[in-house]
Amino acid sequence: QRILVTDLDKNGIDEIVVVSNQAAGGRLFNKTRVFNHGVIECLTWKRNEMITKWKTREFKDYISDYTIGDLDNDQSDDNSIIHGYIRWARVGFF
């Protein structure tokens, strides 16, 4: 999974943006999981621990990838999150 480290709020402190896909529970095979929903989370440091600064609403299915981009093409980062998901192939291997 992609991990983005960037200063989203322009305060001089980098945030970490990650995907958190949630397994449906139970396994089909030893090394296989079925993912049925996920969120994109922004993490930041608070003293000596990582905390969740914000997270998106829950998306149905497996979130395969995301990026942060310039949606209106004005050469400035809009901090808009663009994501993709896999609807039919819900199996992830690790």
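Residues numbered from 1 in each chain as written. Predicted model: local features only at pLDDT ≥ 70, side-chain atom pairs only at ≥ 80, totals over all residues. Heavy atoms only, no water.

**Notes on the pattern of salt bridges**
Okay, so step 1: If you walk through the whole model with that rule in mind, you get 3 salt bridges.
Okay, so step 2: Across the pair Asp 65 and Arg 2 runs a salt bridge whose closest N-O atoms are separated by 2.8 Å. With Asp 65 in strand E6 (residues 62-69) and Arg 2 in the segment before strand E1 (4-6), this pair connects stretches of sequence that are 63 residues apart.
Okay, so step 3: What makes Asp 65 partly exposed here is its relative accessible area of 32%.
Okay, so step 4: Given the relative accessible area of 36%, Arg 2 is considered partly exposed.
Okay, so step 5: A salt bridge links Glu 15 to Lys 53, with the shortest nitrogen-to-oxygen separation between them at 3.1 Å. One end of the pair, Glu 15, is in strand E2 (residues 15-23); the other, Lys 53, is in strand E4 (residues 49-55), and 38 residues separate them in sequence.
Okay, so step 6: For Lys 53, a relative accessible area of 38% corresponds to the partly exposed category.
Okay, so step 7: Within the structure, one salt-bridge network assembled from shared partners comprises Asp 9, Glu 15 and Lys 53. (Salt bridge = Lys/Arg side-chain N within 4 Å of Asp/Glu carboxyl O. Helix = DSSP H or I, 4+ residues; strand = E, 2+ residues; numbered from the N terminus. Buried < 20%, exposed > 50% of the residue type's maximum accessible area, 1.4 Å probe, protein only.)

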